[in-house]
Amino acid sequence: MTTVAEILRALRANETGISGAELCKRLGVSRTAIWSHIESLRNVGFEIIASPHRGYQLTASPEALLADDLCARLSSTRIIGSQIRVLPQTTSTNDEATQASRAGAEDGLVVFAESQTAGRGRLGRAWHSAAGKGLWFSVLLRPSFAPSDCTRLTVTAATALARAIRATTGLTTQIKWPNDLLIDGRKIAGILMELSAEVDHIHHVVIGIGMDVNQTVSEFPSAIKGIATSLKIAGGKTVNRAELAVAVMQELDADYHRVQSGRFKDVADEWAAQCDTLGREVNIQIGAHRHTGRAEALDESGALLLRTPHGRIERITGGDVTLAQ
Ligand code: BTN
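These remarks concern the structure in this document.

## Some words on the nonpolar core
Within the largest apolar cluster, 61 residues are counted, with the highest numbers of intra-cluster contacts made by Phe 112, Met 211 and Leu 231. With 10 residues, the single largest contributor to this core is helix α9 (residues 241–260). Look past the residues within four positions of Met 211 in its chain and what remains in contact with it is Trp 127, Gly 134, Leu 135, Trp 136, Leu 161, Ile 165, Ile 188, Ala 189, Leu 231, Leu 244 and Val 248. Val 4, Leu 8, Ile 18 and Tyr 56 belong to the second-largest nonpolar core, a separate cluster that totals 18 residues.

Written out as structure tokens, the structure reads:
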């Protein structure tokens, strides 16, 4: 962790203030260094009062995402957030995480961008990423299981997102297989998993997550106005994106640990309890093929088991789901 992140962590842990001398002692740096870091934090929008009685006291944080702030807020994750990068703008955070992986980045790297110029969704669709309004980020992982079990990670990300949203905003989401989170039938978040693998070995997985957080209705492009919503619209108040981002990383870390230690079944059970696809008659379009049947369950690899009208079970790993009429 950087010295700036350590200062922010100390300020957050001491809401009534912490003296300059105490900060110097804890961080092993000079008073001048502390003062200059405090100045740099003020310059990026942190409000920090300095008084002879209380020392330094953090009274407000900026709206923008800052890597040091996210590191300071994140407590004891095993893997997720091993490194955090925040970019003002990029094409796609999935591209950034993929490039970082090739350059040898650690497992658990998370790349956020305030805006994306070529954000993408599943099946080659564009993903609208309004500047500063949502969370657009990608997580780099190198799981130990086989490529055929990778759908587990979409399930894992969805349950983690649902818990983080509930903990931060009190809002309940429904999960639509395979990768959508909905509130009142409108999409609030999507997950795009991209994989680099050989037949039996995963090189890396990039889990891209897009979450609409603080948009108003008029800020959505007209093409998605009727089908998308934001946490602000659903809950009626602005959401602190840094707090939500940290909650997501923490929950993702917990669920990734469950999956890596052989407890995918627990995650899948939690997922099933929130899924509005299971138990329904659905159509699943995969390219030119349409599969129809009852969405029965997830298997141990995260694939959807579909009971066809002839009573057969089909194992489905992707596609577009609509409810059958
Ligand atoms: C979907 O619903 O189709 C998935 C949407 C995933 C969007 C996120 S935003 C961050 C990351 N970067 C991208 O280009 N896409 C994902």
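That shown, we press on.
## Observations concerning the site of the ligand
In the neighbourhood of the ligand, 21 residues make up the surrounding shell, with Ser 92, Gln 116, Arg 120, Arg 122 and Lys 187 lying closest. With respect to the ligand, the side chain of Asn 179 contributes an N or O atom lying 3.4 Å from an oxygen atom. Here the ligand loses 98% of its free accessible area of 410 Å² to cover by the protein chains. The pocket occupied by the ligand, as judged from atoms lying within 2 Å of grid points, is the largest pocket. Counting residues per element, the ones that place at least two in the shell around the ligand are α5 (93–102), β5 (134–141), β8 (186–198) and β9 (201–212). Ranked by residue count, the leading element in the shell around the ligand is β8, at 4 residues. Looking at the shell around the ligand residue by residue, the classes come out as 6 nonpolar, 11 polar and 4 charged.

## Brief notes about the packing of aromatic side chains
Going through the model one piece at a time under the given rule, you end up with 2 aromatic pairs. Ring geometry for Phe 112 versus Phe 137: centroids 4.9 Å apart, planes at 25°, classification stacked. In this pair, Phe 112 is assigned in strand β4 (residues 110–116) and Phe 137 in strand β5, connecting sequence segments 25 residues apart. Taken as a pair, Phe 112 and Phe 137 share a single burial class, namely buried. Relative to Trp 136, the ring of Trp 127 lies with its centre 6.5 Å away and its plane at 75°, an arrangement referred to as edge-to-face. Take Trp 127 and Trp 136: they sit in the same class, and that class is buried.

Conventions adopted
- Residues numbered from 1 in each chain as written.
- Predicted model: local features only at pLDDT ≥ 70, side-chain atom pairs only at ≥ 80, totals over all residues.
- Heavy atoms only, no water.
- Core = buried A, V, L, I, M, F, W, Y, C linked by side-chain atoms within 4.5 Å.
- Buried < 20%, exposed > 50% of the residue type's maximum accessible area, 1.4 Å probe, protein only.
- Helix = DSSP H or I, 4+ residues; strand = E, 2+ residues; numbered from the N terminus.
- Contact = heavy atoms within 4.5 Å.
- Near = heavy atom within 4 Å.
- Polar contact = N/O pair within 3.5 Å; in protein donor to acceptor, adjacent residues only side chain to side chain.
- Areas by Shrake-Rupley, 256 points an atom, 1.4 Å probe, with all protein chains shown as cover.
- 1 Å grid on protein atoms, 1.4 Å probe; cavity = no way out; pocket = protein on both sides within 12 Å on 5 of 7 lines; lining within 4 Å.
- Sits in = over half its atoms within 2 Å of the grid points.
- Nonpolar A, V, L, I, M, F, W, Y, C, P; charged D, E, K, R; others polar.
- Phe/Tyr/Trp six-rings, centres within 6.5 Å; stacked < 30°, edge-to-face > 60°.

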